[in-house]
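A look at the structure
Listed here are the chains, written in short residue letters.
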Amino acid sequence: MNSNSTILQQAALAVLERSRQRPTPEQVVQALLAVEKANKQQKIRYSLNDITGDWRLCFITGTRKTRQRAGVVLGAGRYVPSLITISLAYATSPLAATATDNASYSTSFETGNVTNRVQLGQLQMALSGPTKLLSKNNILAFDFTRITLQLSKFSLYQGTVRGGETSETKFYSASVGMEKQAFFNYFLVQEDIIAARGRGGGLALWGRQA
């Protein structure tokens, strides 16, 4: 295990255990960038089984457009506050793993589903929907089509969003680029941590939850 992976593991564990002994945000950002660069050079490929499980968001960066030069630059990173819990739960699904990405060629991918939970005190919101992992470039596209609101153990609302079932039926045949689907580009997948760059350019680090 290299030093960058160690820093990221320490950062995730600090959030999971609510410890104040943690790497600085600057150290975490530099470790994320170094691991991402190494992944591109080594061309490591992941499967959906590698990220199946329940992951708590521990650290994020933002992006900001600069007027002085074109492009998107990395913003300051920060740990997710302990008062709020944000998690992703990935699971596989038995759907067909090939769909037409555009009129000229087809792209193979693994299919699954995701649930994004945000909990603040006894209030919890969960968004769920389909996913597809393009293993050629470690891009996991997703769409949230269903929502659940709960207060403690009491259900407040259940329903569909963003077209619901209609969006789900179109999701697997749509192109990630042409349809502007949301996605994470994973560059680190280990037993206890995962990290990715989002479509907007920001970086994120998650730790596995028991």
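Now for a look at the structure at hand. Worth saying up front: this structure is predicted, and the values here are computed from it rather than measured.

1. Brief notes about the pattern of salt bridges
- Scanning all chains against the criterion turns up three salt bridges.
- Note that Arg197 is salt-bridged to Glu36, the shortest N-O span being 2.8 Å. A residue pair is termed long-range when its members are at least 10 positions apart, and Arg197 in strand β12 (residues 193–198) and Glu36 in helix α2 (residues 25–42) qualify at 161 residues.
- Arg197 gets classed as partly exposed once you look at its relative accessible area, which sits at 22%.

2. Points about the nonpolar core
- Residues Ile51, Tyr90, Leu140, Phe184, Tyr186 and Trp206 are the most contacted members of the largest nonpolar core, which totals 22 residues.
- Going through the elements one at a time, α3 (48–51), β1 (53–65), β3 (84–92), β7 (123–134), β8 (139–142), β11 (182–189), β12 and β13 (203–208) are the ones with two or more residues in this core.
- Looking at this core element by element, the count peaks at three residues for β11.
- When residues no more than four places from it in sequence are discounted, the contact partners of Trp206 are Trp55, Arg56, Leu57, Cys58, Leu88, Phe184, Tyr186, Asp192, Ile193, Ile194, Ala195 and Ala196.

3. A look at unusual backbone geometry
- Its identity as a non-glycine residue notwithstanding, Lys43 has a phi of 55 degrees, on the positive side.
- Within the element layout of this structure, Lys43 appears in the loop between α2 and α3.
- The phi angle at Asn138 is positive, at roughly 60 degrees, despite the residue not being glycine.
- Mapped onto the elements, Asn138 comes out in the loop between β7 and β8.

4. So, the pairing of β8
- Where burial is concerned, the two faces of β8 agree: the one with Ile139 and Ala141 and the one with Leu140 and Phe142 are both buried.
- Summarising the sheet, β7 and β8 pair through four bridges and their orientation is antiparallel. Bridging from a neighbouring strand, Lys132 pairs with Ala141 of β8.

5. A few points about helix α1 (residues 3–16)
- The end-to-end C-alpha separation of α1 is 20 Å, in line with the 20 Å expected for 14 residues at 1.5 Å each.
- Where α1 is concerned, the buried positions are Ser5, Ile7, Leu8, Gln9, Ala11, Ala12, Ala14 and Val15.
- For α1, the N-terminal cap is Asn2; the gap from its side-chain oxygen to the backbone nitrogen of Asn4 is 3.1 Å.
- Where α1 ends, the next residue or the one after it, Arg18, has phi of about 55 degrees, a positive value.

6. Here we look at the side chain of Asn138
- Judged by relative accessible area, Asn138 falls into the buried class, the value being 1%.
- Looking at Asn138, its side chain comes within polar contact range of the main-chain nitrogen of Tyr46, at 2.9 Å.
- When residues no more than four places from it in sequence are discounted, the contact partners of Asn138 are Asn39, Ile44, Arg45, Tyr46, Leu133, Phe184, Asn185 and Tyr186.

7. Notes on a nonpolar patch on the surface
- Together, Leu123, Leu151, Leu156 and Tyr157 line one region of the surface with nonpolar side chains, adding up to about 380 Å² of accessible area.
- In this fold, Tyr157 is placed in strand β10 (residues 154–160).
- Residue classification places Tyr157 among the partly exposed residues on the basis of a relative accessible area of 41%.

8. Some details on the pairing of β12
- Most of β12 sits inside the fold, with five of its six residues counted as buried.
- Sheet topology note: the β11/β12 ladder contains five bridges and is antiparallel. Its bridge partner lying in β12, Phe184 is registered against Gly198.
- Counting the residues that bridge the hairpin from β11 to β12 gives three residues.
- Bridging between β12 and β13 involves five bridges; their strand directions are antiparallel. Looking at β13, one finds that Ala196 is bridged to Ala204.
- Between β12 and β13, which pair antiparallel in sequence order, lie four residues; one of them, Gly201, sits at a positive phi of approximately 105 degrees.

Reading the values: rules and limits
- Residues numbered from 1 in each chain as written.
- Predicted model: local features only at pLDDT ≥ 70, side-chain atom pairs only at ≥ 80, totals over all residues.
- Heavy atoms only, no water.
- Salt bridge = Lys/Arg side-chain N within 4 Å of Asp/Glu carboxyl O.
- Helix = DSSP H or I, 4+ residues; strand = E, 2+ residues; numbered from the N terminus.
- Buried < 20%, exposed > 50% of the residue type's maximum accessible area, 1.4 Å probe, protein only.
- Core = buried A, V, L, I, M, F, W, Y, C linked by side-chain atoms within 4.5 Å.
- Contact = heavy atoms within 4.5 Å.
- Pairing = 2+ DSSP bridges.
- Expected span 1.5 Å × (residues − 1).
- Polar contact = N/O pair within 3.5 Å; in protein donor to acceptor, adjacent residues only side chain to side chain.
- Patch = residues over 30% accessible without salt bridge, like charges linked within 9 Å, V, L, I, M, F, W, Y side chains within 5 Å.
- Areas by Shrake-Rupley, 256 points an atom, 1.4 Å probe, with all protein chains shown as cover.

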